[in-house]
Amino acid sequence: MVRTQEAVDVESDHDVDELGGLDRGRQRCECDHGDDEGYQPCGRKARWRVTVDCVCGEGHPRRVEILCSRCLRTLRQFQGREAITARRL
C-alpha cells in the first residue's frame, strides 16, 4: 500500500482520540439533565448518534449528539422529526 502525502496530512490533522464515538466502547448519553448551574449528562447507555439541524432560522451549524433512546424521543418531540437524523451506534 502506497501512502501519499495527502493521506499523511489528513491523518496528522486529526487526532483519533478527539473523535467521539469512534471506539464503539460503552458510550453514555450526553443529553444535559442539569440545571442553570452546570452540565449534568444523562448517563444512560447511548444507542444513537444524532445530527440536529438548526430550526430557528439563524443558520446555525448542525450539531451532533450521542443519545439514549429516551432522550432521542424527547428531542424529537421538541425539535420535530424533520430536523433530526439518527443513526445507531
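Only a predicted model underlies this, so the values are computations on that prediction, with no experimental measurement involved.

(A) View of the pattern of salt bridges. Scanning the model with the defined rule gives 2 salt bridges in all. Here R62 ties to D53 by a salt bridge, and the two come within 2.5 Å at their closest N and O atoms. One salt bridge connects E65 with R63, and the closest N-O pair in it is separated by 2.7 Å. With a relative accessible area of 36%, R63 lands in the partly exposed category.

(B) Inspection of the nonpolar core at higher detail. Formed by C29, C42, W48, V50, V52, L67, C68, C71, L72, L75 and I84, the largest nonpolar core amounts to 11 residues. Of all elements in the fold, only β1 (48–52) and α2 (69–79) reach the threshold of two or more residues within this core. The residues contacting W48, other than those within four sequence positions of it, are E65, I66, L67, C68, S69, L72, A86, R87, R88 and L89.

(C) Fine view of the environment of A86. For A86, the location among the structural elements is in strand β3 (residues 84–88). Of the residues examined, A86 reaches a relative accessible area of 24% and is grouped as partly exposed.

(D) Structural detail: the packing of aromatic side chains. This model, assessed by the stated rule, comprises 0 aromatic pairs. The positively charged end of R88 is found above the aromatic ring belonging to W48, 4.7 Å away from the centroid.

(E) Representation of the state of the cysteines in the model. Applying the stated criterion across every chain, the model contains 0 disulfides. For C31, which is in no disulfide, the shortest distance to another cysteine sulfur is to C71 and amounts to 3.8 Å. A relative accessible area of 22% means that C31 is categorised as partly exposed.

Thresholds, definitions, all that
- Residues numbered from 1 in each chain as written.
- Predicted model: local features only at pLDDT ≥ 70, side-chain atom pairs only at ≥ 80, totals over all residues.
- Heavy atoms only, no water.
- Salt bridge = Lys/Arg side-chain N within 4 Å of Asp/Glu carboxyl O.
- Buried < 20%, exposed > 50% of the residue type's maximum accessible area, 1.4 Å probe, protein only.
- Core = buried A, V, L, I, M, F, W, Y, C linked by side-chain atoms within 4.5 Å.
- Helix = DSSP H or I, 4+ residues; strand = E, 2+ residues; numbered from the N terminus.
- Contact = heavy atoms within 4.5 Å.
- Phe/Tyr/Trp six-rings, centres within 6.5 Å; stacked < 30°, edge-to-face > 60°.
- Lys NZ or Arg CZ within 6 Å of the ring centre and 35° of its normal.
- Disulfide = S-S within 2.5 Å.

Just geometry here; none of it tells us what the structure is for.
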